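Take a look at the letters that make up each chain.
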Amino acid sequence: MHEIKMNRKKDKGFESPRKSVIGFVELTIFPTVVNLNRIKLNSKQCRIYRVRVNDLEAPFIYNDPTLEVCHHESKQRNLNYFSSAYTAAVSAVDPDAGHGELVIKVPSELWKQGDEMNVLKVYIEFSLDQPKGGLHFVVPDVEGSMAERGAHVFSFGYQNSTRFWFPCVDSYSELCTWKLEFTVDASMVAVSCGDLVETVYTHDMRKKTFHYVLPIPTAASNISLSVGPFEILVDPYMHEVTHFCLPQLLPLLKHSMSYLHEIFEFYEEILTCRYPYSCFKTVFVDEAYVQVSSYASMSIFSTNLLHSAMIIDQTPLTRQCLAQALAQQFFGCFISRMSWADEWVLKGISGYIYGLYLKKTFGVNQYRHWIKEELDKMVEYELKMGGVLLHPTFGGGKDKDNPTPHLHFSIKHPHTLSWKYYKMFQCKAHLVMRLIENRISMEFMLQVFNKLLSLASTASSQKYQSHMWSQMLVSTHSFLKSISNVSGKDIGPLIKQWVDQSAVVKFFGSFAFNRKRNVLELEIRQDYTSSGTQKYVGPIKVTVQELDGSFNHTLQIEENSLKHDIPCHSKSRRNKKKKIPLMNGEEVDMDLSAMDADSPLLWIRIDPDMSILRKVEFEQADFMWQYQLRYERDVVAQEESILALEKFPTPASRLALTDILEQDQCFYKVRQGACFCLAKIANSMMSTWTGPPAMKSLFTRMFCCKSCPNIVKTNNFISFQSYFLQKTMPVAMAQLRDIQNLCPKDVLNFILDLIKYNDNRKNKFSDNYYRAELIDALTNSLTPAISISNEVRTVDNLNGDVRLILEEITRSLNMEKLLPSYRNTITVSCLRAIRMLQKNGHIPSDPSLFKSYAEYGHFVDVRVAALEAVVDYTRVDRSSVELQWLLNMVQNDPAHYIRHKILSMLGKNPPFTKAAESPLCNEALVDQLWKLMNSGTSHDWRLRCDAVNLYYTLFGLTRPSCLPLPELGLVLNLKEKKAVLNPTIKPEQGPDTTQMTGNTMGVHIPVMGFTSSEDEIDMESPHDSQAFIHHHLNILERPSTPGQHPAKHPAVIILVHNWAVLSLPVTPLPSFSKESTSSSKHSGDHHHHHHHHEHKKKKKKKHKHKHKHKHESKDKERDSHTFSNSPASGRSVRSPSMSD
């Protein structure tokens, strides 16, 4: 395998209306092995015209097993089978293992050059016509030239997807320097990685060529491109930073980017290291694949992140996206990874320094709230799915082969992961970095990052020497070594617990106070048996707030100890009216009448710093939660107590929550949470509630006119805290219910008045989010309609309140068409409201409105909201028409994000599940989804994984229940690597009948052609076409390694390398132990076996086969670049000796 490439020249001609690209790639290869006679590259969907090596024509073979994972004639429909085949297909072209879709044979005249280690230059001409993945063309359907229409194109993809738009070694660990040239229409700008050296016009002045040079060694996967009629803004604070946006968005770009230089300064300061590239470019594109994608020296963002100075809610989100992108420039683009197993280090570090930025910019409260949010999300996912493994290790023993048997996908490659899993993986990675920081201190943490960066930047300036550049790749091992060198601490146990194994910890706590001994008896139990949990042994911090102050205790959790005794301090405070000292040194007066007279305890917290990945359920009295809410200064504690108080609907809880709502210095997210908790408590206390509805008097006091309390003041959002409160309160109030379980009349009128008297004329901020939330409040106030038997629902006989709501929604929706709000927030809320009216039976259920709003051309948020309603309608009404409409959109919609959203929404809110019978579940649907997953989504890794997820949600891992029984009583269970009598016929397991050879993954091609006479090759078996075989029979003229004899059995050579031999438990199997070692890391296996089967008797459902182990091919010691078979592709035939 070629180890290194340099100076990639790329030339691209863009023709916009045709959506096609013509280009060539030149790679410079330094052979590191003698007799380099095969070069394997990655390339998907590119049409390759010719390949030259050092000006000699070179023959090549192109085979992409991921196009169709299982052969289309295969009758298999179970997900286990698909997952193994898909993993095998991805492994077969995995660049990290030295494989690729494109195999070039080096002309024999150049073989000798390998001895002198001369440079090989590989030159490939290719084209791309209407690519389905990798490059996305956005061509708005309006009048005018391409530039006037704002047509643009950008590269996208999930993980290493550069192979979709040019041939390369698509691995994060193969670095090289780059020269990139793009020829585009004169009205367009091409933005790519590196420094723009020059732009040259063609003779006719109709086109121009952009020349980029990237001298820093970079992996192909971090190269990107964007072409469009962009408006260009040079950052006023940092001239090496340039921003690009679509026409007419320049004012928004100026505002949104005015802050970027502060993010640069922050990272450079904490890492004590300059930004690694000589320039940075931000490009904002429409129909983006994800909100942020980072590439070497440039990032591509969604244009929907841009906003004006009037927008409040989007501002922090956009800044967070910029901060994430910049963190990934340091760790992810500049420093790349050795292998997929080391991905967690990069994601962890970039997420961790992004968290430090959040802490500095948005404050400690926001940071702690974010950590709690991320932790809760991840814990919930692990408990549901059974665990996220950060550092998967493979090989070595049976159990290691699949370290995550609880998942329905393999985690061996990023391309087989579900999208949600990958998001949780990133989340867990930065949380674990925070745990490491807790262990070794932030100072050491930043020293480690600085060390990694400075080693990498030293290496990046060296001329090509392969061993130097490896300093730019981080591995788990090198990272941990760096930590122990810098800090001198051993973090082995921590890594073992959170990185090398999946699962989280589940604690249950309760306590009793022993008055005689003046001790707190704390009991901490664990659940480590349910899915996604593990046993924790080690230190845990407990904070106890007493009358004398706040005390931290560190307890050791051992194997079986549950009870811990913690000594308490005096009770003397009670009588003398002294202030009570809090954690942060504040001293406050408290009303102690609520507390237990015997004990000095105010409240107790387990693991307050979230230094274990855990879920804690702690039991303490209601007054303790109320004290904790009022006086604990940590937002996480306040959020926990709000959650707990839902279970204690008492006047005291009501008072505590109301006090929090009135406290201006309390964190706004805590106050938002308190609104919803108060509404829940009010509903539980319905019969005993006194005074006006919850929060109404408070809202009136804060936001309404003194003289006329039902009219709201003109909007003034200068104070963001009160803005967020003003937005949230009506939404929470709308959840109130009276004795009849309806929304109280005065609450509804109050909300309608807020809408009616809303006046934003004097406000410097937009009120679009506020108005959208008022519509959400109307939605929340809806309750199911009381149906009178067989009465037809029309708008005329609507209940009066509902009619008012419907009129309001209709008016807003029509206003939106004339004066659209920012991001169409109001339309989104109206669509949700209409779906709720339908679900509650006020208006007839009908998806047509949503389908029209979901059409291509509407703003993406509107489309998603409309699609969500259609997905919901499909489930409630069991509508096969709508399901077909959705699946059709998944296949044909121009926007990749929308396709992804439809599948993930169907997964979240499935039309049926494997547990329940449903008329929607039929053979046609199974085939359709199988086809989508098998071959319909080969151009987008993420979409394929979404399809797998949906298939799993609907049908589970085994054969879908709605299918008829298969003909033959033999099924391959690939998870167990066994051939089994069809479980639907007889649940017996056969013996282990498949043997694995070599280091190729999984069990391959499970169906064999049975041939009737001994020496004929079955041409009908699904792996190959006749012509291809004959062609290959004719070209085996000379051996692939000089000095060996031509192969004796051409037939054997052609046949696929690894058989999974099927046999019923009748015949014993020849054992293949000899071949389980493989001669080189890059090779597949070099043993070719062919089994001929003789049919002795033909009976239905019983075949006895004898296997004769005919030929063992002579060329065991073949060169290390033998063609490893692509296991999953049913079509390809690999011949180990290939010549032109």
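Each remark here, short or long, concerns the structure printed above.
Residues numbered from 1 in each chain as written. Predicted model: local features only at pLDDT ≥ 70, side-chain atom pairs only at ≥ 80, totals over all residues. Heavy atoms only, no water.

(A) Looking closely at the side chain of N222. Within the secondary structure layout, N222 lies in the loop between strand 14 (207-219) and strand 15 (225-228). Looking at N222, the relative accessible area reads 3%, which means it is buried. Beyond its immediate chain neighbours, meaning those up to four positions away, N222 contacts Y172, C193, S294, Y295, A296, G332, C333 and S336. (Helix = DSSP H or I, 4+ residues; strand = E, 2+ residues; numbered from the N terminus. Buried < 20%, exposed > 50% of the residue type's maximum accessible area, 1.4 Å probe, protein only. Contact = heavy atoms within 4.5 Å.)

(B) Structural context of the sheet that holds strand 18 (residues 280-285). Taken in spatial order, the five strands of this open sheet run 16-17-18-20-19, and their pairing is mixed. Single-partner strands in this sheet number two, and they are strand 16 (231-234) and strand 19 (292-295). Adjacent strand axes in the sheet meet at a mean angle of 15°, parallel and antiparallel pairs treated alike. Lying on the sheet, helix 6 (residues 314-330) is in contact with strand 18, strand 19 and strand 20 (298-302); it crosses strand 19 at an angle near 25°. (Pairing = 2+ DSSP bridges. Axes fitted to C-alpha atoms, helices over the stretch in contact; angles between N-to-C directions.)

(C) Spatial organisation of helix 18 (residues 720-733). Between its first and last C-alpha atoms helix 18 spans 20 Å; for 14 residues at 1.5 Å apiece the expected length is 20 Å, and the two agree. Within helix 18, twelve of the 14 residues are buried, which leaves the element mostly enclosed by the surrounding structure. Of the residues making up helix 18, those classed as buried are S722, Y723, F724, L725, Q726, K727, T728, M729, P730, V731, A732 and M733. Looking at the packing, one finds that the buried side of helix 18 touches helix 15 (651-662), helix 16 (668-684), helix 17 (696-703), helix 19 (745-756) and helix 20 (768-780). (Expected span 1.5 Å × (residues − 1).)

(D) Expanded view of helix 20. Its 13 residues place the ends of helix 20 18 Å apart at the C-alpha level, agreeing with the 18 Å of an ideal helix rising 1.5 Å per residue. Along helix 20, ten of the 13 residues are buried, which leaves the element largely enclosed by surrounding structure. Restricting attention to buried positions, one finds in helix 20 the residues N768, Y769, Y770, A772, L774, I775, D776, A777, L778 and T779.

(E) Spotlight on unusual backbone geometry. Its identity is not glycine, yet Q159 carries a phi of approximately 60°, on the positive side. Topologically, Q159 is positioned in the loop between strand 10 (152-155) and strand 11 (175-185). Its identity as a non-glycine residue notwithstanding, M610 has a phi of 55°, on the positive side. Tracing the sequence through the fold places M610 in the loop between strand 30 (601-606) and strand 31 (614-618). You can call M610 buried: its relative accessible area is 3%.

(F) Broad picture of the sheet that holds strand 9 (residues 135-138). Pairing is antiparallel across the open sheet formed by four strands, whose spatial order is 9-10-15-12. Both edges of this open sheet fall to strand 9 and strand 12 (189-192), since each of them pairs with a single strand only. Along the sheet, successive strands turn relative to each other by an average axial angle of 10°, direction set aside. In the sheet, strand 12 pairs with strand 15 via four bridges, with the strands oriented antiparallel. Each residue of the ladder has a partner; that of S192, found in strand 15, is L225.

(G) Spatial organisation of the packing of aromatic side chains. Taken as a whole and assessed by the stated rule, the structure comprises 48 aromatic pairs. Ring centres 6.3 Å apart and planes at 70° place the aromatic pair F230 and F244 in the edge-to-face group. Taken together, the positions of F230 in the loop between strand 15 and strand 16 and F244 in strand 17 (residues 241-245) put the pair 14 residues apart, joining distant regions of the chain. Its relative accessible area of 6% is what places F244 among the buried residues. Following the ring pairs from residue to residue traces out a cluster consisting of F264, F266, Y267, Y275, Y277, F280, F330, F334 and Y357. Stacked on the ring of Y952, the Lys or Arg K914 has its end atom at 4.5 Å from the ring centre. The lysine or arginine in question, R942, covers the ring of Y289, its NZ or CZ lying 3.8 Å from the ring centre. (Phe/Tyr/Trp six-rings, centres within 6.5 Å; stacked < 30°, edge-to-face > 60°. Lys NZ or Arg CZ within 6 Å of the ring centre and 35° of its normal.)

(H) Layout of the packing of helix 8 (residues 419-440) against helix 9 (residues 442-460). Between helix 8 and helix 9, the shortest axis-to-axis distance is 7 Å and the interhelical angle comes to 120°. Considered as vectors, helix 8 and helix 9 are oriented oblique to each other. Residues M433, I436, E437 and I440 of helix 8 form the contact with helix 9, whose own contacting residues are M442, F444 and M445. Here the contact of helix 8 with helix 9 is composed, by residue class, of six nonpolar, no polar and one charged. (Parallel < 35°, antiparallel > 145°, perpendicular 65-115°, else oblique. Nonpolar A, V, L, I, M, F, W, Y, C, P; charged D, E, K, R; others polar.)

(I) Spatial organisation of the environment of M433. Inspection of the secondary structure assignment puts M433 in helix 8. Separated by 80 residues in the primary sequence, M433 and I353 have C-alpha atoms spaced 9.6 Å apart. In this structure, M433 is in contact with W344, V345, G348, I349, Y352, M445 and F479, ignoring residues within four places of it in sequence.

(J) Examining the pattern of salt bridges more closely. Applying the stated rule across the entire model yields 43 salt bridges. Ionic pairing is found between E374 and K377, a salt bridge with its closest N-O pair at 2.9 Å. One end of the pair is E374 and the other is K377, both in helix 7 (residues 343-385) and three residues apart, which spans about a single turn. Two residues, E773 and K727, come together in a salt bridge whose shortest N-O distance is 3.5 Å. With a gap of 46 residues between them, E773 in helix 20 and K727 in helix 18 connect regions that are remote in the sequence. A relative accessible area of 5% places K727 in the buried class. (Salt bridge = Lys/Arg side-chain N within 4 Å of Asp/Glu carboxyl O.)

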